[in-house]
Amino acid sequence: MPNDDTTYTPPAVWTWNKASGGRFANINRPVAGPTHDKELPVGRHPLQLYSLGTPNGVKVTVMLEELLALGHAGAEYDAWLINIGEGDQFGSGFVAVNPNSKIPALVDRSGTEPVRVFESGAILLYLAEKFGAFVPSGGAARAECLSWLFWQMGSAPFLGGGFGHFYAYAPSKIEYAIDRYAMEVKRQLDVLNRRLAESRFVAGDDYTIADMAIWPWYGALAKGQLYGESGTFLQVQEYTHVQRWTEEIAQRPAARRGRMVNRVQGKPESQLRERHDASDFDTKTLDKLGA
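Note that the structure is predicted; figures quoted are calculated from it, not measured.

### Regarding the UniProt feature "domain: GST C-terminal" (unreviewed entry) in the protein chain
For step 1, the next point in the chain: UniProt records the feature "domain: GST C-terminal" (unreviewed entry) at residues 138-270, using the numbering of this structure.
For step 2, the next point in the chain: Regarding residues 138-270, the helix share stands at 69% and the strand share at 0%, and the terminal C-alpha atoms are separated by 37 Å.

Right under this line is the structure:
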């Protein structure tokens, strides 16, 4: 018999039960806005990033490191850690940058007035246009790149908030929910695998912000690095073209650096909690700090 919870009948009007919500009950709430006053720190570089090394955060740090690797000195940045488990995203300063209280959030202080940018896809596109890199300038190539960028933005919630939540984080295992989202994630992997069977990178022959958006989510999934045993559960090795693409990006030095920034889990040598200078990768990873 399916392991479905069939005893729940939704009430006429939903009310917030703080005890529900599983692993993230302490930070989930049905209202927006700040919960406490806390200003954000500001470093010395033109770009100030407030983030965490989740897949959405990694998108932006990979982009910044790739820009620096191309020689764009204006892409120098300070990356400040926002601990979402402790509710840092609800501080007044962070909410002023991102009213949606989600990481990552960016402030560009290179001009006369600070510019805030929130939502990871918006940040990638903003940086690509600012520096004229990693996005085609026009025509079919640009349309293809943006289509895949927004494919990721629309698809990943089914992977994370859907499959990931019910498979790994929900307080009880609901067969219907896990089956529903596992089917969708495998469909998404098949979409990506078919595309990469005909193209070196997602948008074509060139590496773009579309790859930077998709790789932290689907590359990590393809390597069994998301949600415990989900790689085996979803048989990710079957998606051979996704595997090939994942490995190629993982060998890029800038991508490897980007994965380290604002990271709070994994091997100590892979965690650079905050990044304020390029030398930090050699001197301030968690193992070097002795923490």
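### Examining the environment of Glu238
For step 1, the next point in the chain: Mapped onto the secondary structure, Glu238 falls in the loop between helix H7 (230-234) and helix H8 (240-250).
For step 2, the next point in the chain: Classification of Glu238 as partly exposed rests on a relative accessible area of 48%.
For step 3, the next point in the chain: Each C-alpha atom, one on Glu238 and one on Leu189, is 9.6 Å from the other, the two residues being 49 residues apart in sequence.

### Section: the environment of Thr54
For step 1, the next point in the chain: Mapping Thr54 onto the fold places it in the loop between strand E1 (47-51) and helix H1 (55-69).
For step 2, the next point in the chain: C-alpha of Thr54 to C-alpha of Pro104: the two residues are 50 residues apart in sequence and 9.2 Å apart in space.

### Section: the sheet that holds strand E3 (residues 105-108)
Sheets are built from strands paired through backbone hydrogen bonds, the pairs being either parallel or antiparallel.
For step 1, the next point in the chain: On the basis of which strands lie adjacent, the open sheet formed by 4 strands has the order E2-E1-E3-E4 and mixed pairing. Each having just a single partner strand, strand E2 (77-81) and strand E4 (115-118) make up the two edges of the open sheet. Across the sheet, the axes of successive neighbouring strands diverge by a mean angle of 20°, strand direction being ignored.
For step 2, the next point in the chain: In terms of strand pairing, E1 meets E2 through 5 bridges, oriented parallel. Bridging across to E2, Gln48 finds its partner in Asp78.
For step 3, the next point in the chain: Strands in contact with H1 are E1 and E2; relative to E1, the strand with the most contacts, it is inclined by about 155°.

### Here's the deal with the layout of surface pockets
For step 1, the next point in the chain: Roughly 170 Å³ of internal volume is contained in the second largest pocket.
For step 2, the next point in the chain: As for the second largest pocket, its lining consists of Phe134, Pro136, Ala141, Cys145, Ala203, Gly204, Asp205, Asp206, Tyr207 and Thr208.
For step 3, the next point in the chain: Per-class residue counts for the lining of the second largest pocket are 6 nonpolar, 2 polar and 2 charged.

What counts, and where the lines are drawn
Residues numbered from 1 in each chain as written. Predicted model: local features only at pLDDT ≥ 70, side-chain atom pairs only at ≥ 80, totals over all residues. Heavy atoms only, no water. UniProt positions renumbered as here; feature names shortened; annotations may be inferred. Helix = DSSP H or I, 4+ residues; strand = E, 2+ residues; numbered from the N terminus. Buried < 20%, exposed > 50% of the residue type's maximum accessible area, 1.4 Å probe, protein only. Pairing = 2+ DSSP bridges. Axes fitted to C-alpha atoms, helices over the stretch in contact; angles between N-to-C directions. Contact = heavy atoms within 4.5 Å. 1 Å grid on protein atoms, 1.4 Å probe; cavity = no way out; pocket = protein on both sides within 12 Å on 5 of 7 lines; lining within 4 Å. Points joined across faces, edges and corners; volume = space filled by probe spheres on them. Nonpolar A, V, L, I, M, F, W, Y, C, P; charged D, E, K, R; others polar.

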